[in-house]
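# Observations on the model geometry
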Amino acid sequence: MSEPSSVPERRHPVRAAFGWAVFLVLMAMTIFIGFRVWYYYDKLRRGEIVYLPQYTDKFTAAAPLGSSVPIVDRALVETADDPSFGPADAKLTIVEFADFECPYSRAAAPTVRSLTAKYGDRVRFIYRDWPLSTIHSHAESAAVAGGCANNQGKFWAYHDRLYGGTGLGYSDLVRYAREAGLDSKAFESCLAENRYKEEVKKDLSDGIDAGVRGTPTFFLNGQRIEGDVPYNVFEQLIGKLLQ
């Protein structure tokens, strides 16, 4: 008895159409992201103001988003006395104005730390305080605590605990200091004196003059980007600017 001949199974037309639709959507997204990064990079390269409205949905605003943005003098935002990571003569300097109590600054923190780990030998990262005290009651004290940690050379370890912790009350600030390996007695004395309050006010003032309207706000060689910027966009921009 002869074997029945095998007939290739025909693909269901609906499944085939769905597969093509998914493929086309993915291709369109890839092209869109690539064009968007090129567009922003080109503006950065030419020294034009960069505005990324799609990230302001992940941004705590302190001023109307329609307000004008001045051309930023890099000397206004790039300081020598604020916490930094990376070489001072780096080709690219990224300055972040952030609020330890801001949910979007918290969301951006892992991205920032991943970028410092990957580009820390080629990019200078500077952290500046911009506490929104009118809506975040612990933001200023956390910023002062960060200054106390920086005084002991342990800002970034403390930064990670502030953003990774569950509270920002006094007992939390002291506990994070212990966990980060700070001298607890010196830290508590610094905190009690409010020693870095004026420094925090200076950051606020400089941020206002530079057009900061909320947190987090980043400056890439003086050009402003607002909100919790996705890691892949940051990475591609940095790669282009380091070329």
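Going by the structure above, here's the rest.
Given the structure is predicted, the values throughout are model-derived calculations rather than measurements.

## Concerning the pattern of salt bridges
Here the structure, examined in full by the defined rule, presents 16 salt bridges. Across the salt bridge formed by Arg74 and Glu78, the nearest N and O atoms sit 2.8 Å from each other. Among the ionic pairs, Asp82 bridges to Arg128, the shortest N-O distance being 3.1 Å. You can see Asp82 sitting in the loop between helix H2 (74-77) and strand S2 (84-85) and its partner Arg128 sitting in strand S4 (residues 123-129), a full 46 residues away along the chain. Classification of Arg128 as buried rests on a relative accessible area of 1%. The structure contains a network of salt bridges with shared partners spanning Asp82, Arg128, Lys202, Asp203 and Asp206.

## A few points about the nonpolar core
Counting 26 residues, the largest nonpolar core has Phe100, Tyr127, Tyr158, Leu162, Leu173 and Phe187 as its most contacted members. Mapped by element, the contributors of at least two residues to this core are helix H4 (139-151), helix H5 (155-164), helix H6 (170-179) and helix H7 (184-193). Of all the elements, H4 adds the most residues to this core, at six residues. Contact partners of Tyr127, with chain neighbours within four places excluded, come to Asp82, Pro83, Glu96, Ala98, Asp99, Phe100, Phe155, Trp156, His159 and Tyr163. Ranked by size, the runner-up nonpolar core spans 18 residues in total, among them Leu115, Leu220, Ile225 and Leu242.

## Things to note about a nonpolar patch on the surface
A cluster of nonpolar side chains, contributed by Trp20, Phe23, Leu24 and Met27, occupies part of the molecular surface with about 460 Å² of accessible area. Taking the relative accessible area as the measure of exposure, Leu24 reaches 52% and is therefore exposed.

## Looking at the pairing of strand S7 (residues 223-226)
Going residue by residue along S7, you find Gln223 and Ile225 tucked away on one face and Arg224 and Glu226 tucked away on the opposite face as well. In the sheet, strand S6 (residues 217-220) pairs with S7 via four bridges, with the strands oriented antiparallel. Across the sheet, the residue bridging to Phe218 is Ile225, located in S7. Joining the antiparallel neighbours S6 and S7 is a turn of two residues, in which Asn221 adopts a positive phi near 50 degrees.

## Some words on the sheet that holds S4
In space, the five strands of this open sheet follow the order S2-S4-S3-S6-S7, with mixed pairing throughout. Looking at the sheet topology across the chains shown, the edges are occupied by S2 and S7. Bridging between S2 and S4 involves two bridges; their strand directions are antiparallel. Looking at the pairing, Phe85 lines up with Phe125 of S4. In the packing of helix H8 (residues 197-209) onto the sheet, contacts are made with strand S3 (92-98) and S4, and the angle to S4 comes to roughly 105 degrees.

Basis of the calculations
Residues numbered from 1 in each chain as written. Predicted model: local features only at pLDDT ≥ 70, side-chain atom pairs only at ≥ 80, totals over all residues. Heavy atoms only, no water. Salt bridge = Lys/Arg side-chain N within 4 Å of Asp/Glu carboxyl O. Helix = DSSP H or I, 4+ residues; strand = E, 2+ residues; numbered from the N terminus. Buried < 20%, exposed > 50% of the residue type's maximum accessible area, 1.4 Å probe, protein only. Core = buried A, V, L, I, M, F, W, Y, C linked by side-chain atoms within 4.5 Å. Contact = heavy atoms within 4.5 Å. Patch = residues over 30% accessible without salt bridge, like charges linked within 9 Å, V, L, I, M, F, W, Y side chains within 5 Å. Areas by Shrake-Rupley, 256 points an atom, 1.4 Å probe, with all protein chains shown as cover. Pairing = 2+ DSSP bridges. Axes fitted to C-alpha atoms, helices over the stretch in contact; angles between N-to-C directions.

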